[in-house]
Each structure stands twice: as structure tokens, then as C-alpha cells.
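Here's the letter readout for the chains.
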Amino acid sequence: MPQTLRVISDARRCTICAEHLPLEPRPLLAGSAGSRILLIGQAPGRATHDRGEPWRDASGDRLRDWLGLDEHQFYNPALVAQMPMGFCYPGKGASGDLPPRPECAPKWHPRLLRAFRAVELTVLIGRYAFDRYLRDDLGSRATGVTEIVHRHQEWLPDRIALPHPSPRNNIWLKKNRWFERRCVPALRERVAELVGSRASDAR
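Please read these numbers as outputs of a predicted model, since none were measured by experiment. (Residues numbered from 1 in each chain as written. Predicted model: local features only at pLDDT ≥ 70, side-chain atom pairs only at ≥ 80, totals over all residues. Heavy atoms only, no water.)

Student: Would you take a moment to explain the side chain of S59 for this structure?
Tutor: Looking at where S59 falls in the secondary structure, it is placed in helix α3 (residues 58-67). With relative accessibility at 8%, the residue S59 sits in the buried group. With residues up to four places along the chain from it excluded, the contact list for S59 reads H164, P165, S166 and P167. (Helix = DSSP H or I, 4+ residues; strand = E, 2+ residues; numbered from the N terminus. Buried < 20%, exposed > 50% of the residue type's maximum accessible area, 1.4 Å probe, protein only. Contact = heavy atoms within 4.5 Å.)

Student: Help me out: how do you make sense of the pattern of salt bridges in this one?
Tutor: Oppositely charged side chains are able to pair whenever their charged atoms sit close together. Summed over all chains, the structure comprises 16 salt bridges. The partner of R111 in a salt bridge is D10, and the shortest N-O contact between them spans 3.3 Å. Placement of the pair is R111 in helix α5 (residues 104-115) and D10 in helix α1 (residues 3-12), with a sequence separation of 101 residues. When the shortest N-O distance is used, the salt bridge between D65 and R188 registers 3.3 Å. One end of the pair, D65, is in helix α3; the other, R188, is in helix α10 (residues 178-202), and 123 residues separate them in sequence. Look at D65 and you get partly exposed, because its relative accessible area is 46%. One continuous salt-bridge network, built from bridges that share partners, spans R36, E120, R190 and E193. (Salt bridge = Lys/Arg side-chain N within 4 Å of Asp/Glu carboxyl O.)

Student: It is not clear to me how the sheet that holds strand β1 (residues 37-40) should be interpreted in this structure. Could you clarify?
Tutor: Pairing between sheet strands relies on hydrogen bonds along the backbone, with the strands arranged either parallel or antiparallel. Reading across the sheet, the 4 strands line up as β2-β1-β5-β6 and stay open at both edges, with parallel pairing between neighbours. Unpaired on one side and paired on the other, β2 (80-82) and β6 (159-162) mark the two borders of the sheet. Across the sheet, the axes of successive neighbouring strands diverge by a mean angle of 20°, strand direction being ignored. Across 4 bridges, the pairing between strand β5 (residues 121-125) and β6 is parallel. Across the sheet, the residue bridging to I125 is L162, located in β6. (Pairing = 2+ DSSP bridges. Axes fitted to C-alpha atoms, helices over the stretch in contact; angles between N-to-C directions.)

Student: How should I be thinking about the environment of C88 in this particular structure?
Tutor: Within the fold, C88 resides in the loop between β2 and β3 (92-93). Separated by 65 residues in the primary sequence, C88 and L23 place their C-alpha atoms 8.9 Å from one another. What C88 contacts, discounting residues up to four positions off in sequence, is L21, P25, R26, P27, A43 and P44.

Student: Just to check I follow, could you spell out unusual backbone geometry for this structure?
Tutor: With glycine set apart, most residues show a phi of negative sign, and most peptide bonds adopt trans. With omega at 15°, the peptide bond leading from L156 into P157 counts as cis. Note that P157 resides in the loop between α8 (145-150) and β6. The phi torsion at W55 lies on the positive side, around 60°, for a residue other than glycine. In this fold, W55 is placed in the loop between α2 (46-51) and α3.

Student: Would you take a moment to explain the side chain of S35 for this structure?
Tutor: Relative to the helices and strands, S35 is located in the loop between α1 and β1. Accessibility expressed as a relative area gives 0% for S35, which makes it buried. A polar atom in the side chain of S35 sits 2.9 Å from the backbone nitrogen of S32. Not counting the four nearest positions on each side in its chain, S35 is found in contact with P77, A78, L79, V80, A81, A118 and V119. (Polar contact = N/O pair within 3.5 Å; in protein donor to acceptor, adjacent residues only side chain to side chain.)

Student: What is the right way to look at a positive patch on the surface in this model?
Tutor: A cluster of basic side chains, namely K174, R177, R181 and R182, defines a positive patch on the protein surface. Here R181 lies in helix α10. (Patch = residues over 30% accessible without salt bridge, like charges linked within 9 Å, V, L, I, M, F, W, Y side chains within 5 Å. Areas by Shrake-Rupley, 256 points an atom, 1.4 Å probe, with all protein chains shown as cover. Lys, Arg positive; Asp, Glu negative; His and termini not counted. Charge placed at Lys NZ, Arg CZ, Asp CG, Glu CD.)

Student: In this structure, what is going on with the pairing of β1? I would like to understand it.
Tutor: The side chains of a regular strand alternate, residue by residue, between the two faces of the sheet. Of the two faces of β1, both are covered, the one formed by I37 and L39 as well as the one formed by L38 and I40. Of the strand pairs in this sheet, β1 and β2 are connected by 3 bridges, and their pairing is parallel. The residue of β2 that forms the bridge with L38 is A81. Bridge count for β1 against β5 is 4 bridges, and the pairing is parallel. Bridge pairing in β5 places L39 opposite V123.

The structure is reproduced here in C-alpha cells:
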């Protein structure tokens, strides 16, 4: 079995945090050695856990629109890899889902990142991904999600920071209209480059 498939298969069988989960472990991740785009979100919601497919909910509909990808492209592991901060549904908290379980990223992300060796754009979605993958750039100064997303051009063409596309963020999106005017077009342009590059390689 190729290295990438082996790592994904191993991760999908992971039960490291089973005792802390409200439901049976069902790690949701995907990708291939040729994936050009890597999505690092938070953790599956209950709907995506039940369906067994990442981003198969209203948040995913919005994320696909931001990326400018149709469902076939989005769920094609030859193009897009999925590696959330937590692989399993963490359960409900007082105001939405609980944070991603902390065991996943340290155990699996380094192995998966080595396996996803063709990635040219990493899409960081939400605070937990920012804290792990932008901390060296941000330093010790406390930085809010709005400021980080506003600085999206600093990390292109290889990374970009997005707010979570959940409907819970509708108020943030209304207050920050610049996001859809400036950040989304920049994201779509970079994604389109990679989609076109992959199509050229396939010919």
C-alpha cells in the first residue's frame, strides 16, 4: 500500500480519544500523494459525522463557494486533502460544538503532512488551525481572527487564513464585508491556478 494511503488508513482506525467522545470514533479525513490543496478545519459536526463525509453540511456549501469548487472537485482527493484539527465529532458544548480533541494534531498531522507532499495551498479555517499553523508568524502578541484573516495576502500563495464558514459566523461576515470583496477573490484565483495546473499535468 502506498505511504499516503497507509497513513490515511491508519488514521481512520484511530480510537485514541474514544473515551472522551459522545459517539463512536469516526475519523473524517481524505487526500492523496497528489493533492494540491489541503484544508485544515476544526472538527466534524454531528451532520458530517452521521454522513461520514467532511463538510457535508451548510458550512461545507459555503466553503465550496468560497473556494470556487464544485462538489466533484472538492471531494476529489487527487486535488483536495482534508485534515481537520480533530478528526471526530467532539460533542456539543454550551454554545455550539466542543473544541477539536487535542490528541489528533500532534499524533497524525506530521505524518499526514509528509504524505501530502504535493500540496501547494494550505487553507487554514478557524482559530484552532491558526493557533497551530500561524503561531510562528503571529508571535506572542494576542491576535484576533479578524486581524489574521485581514492579513491573508501575507501568506499567499502557499497558505491562506479563513474564518469558519458556519452559519454561526453570519454576523461576522455582515460586519466584515471586505472579506468577500478581497479575500474570497484572492482565494478563488489561487485555487483556480491549482485546478488548471492539475488539469495540465493530467494531459
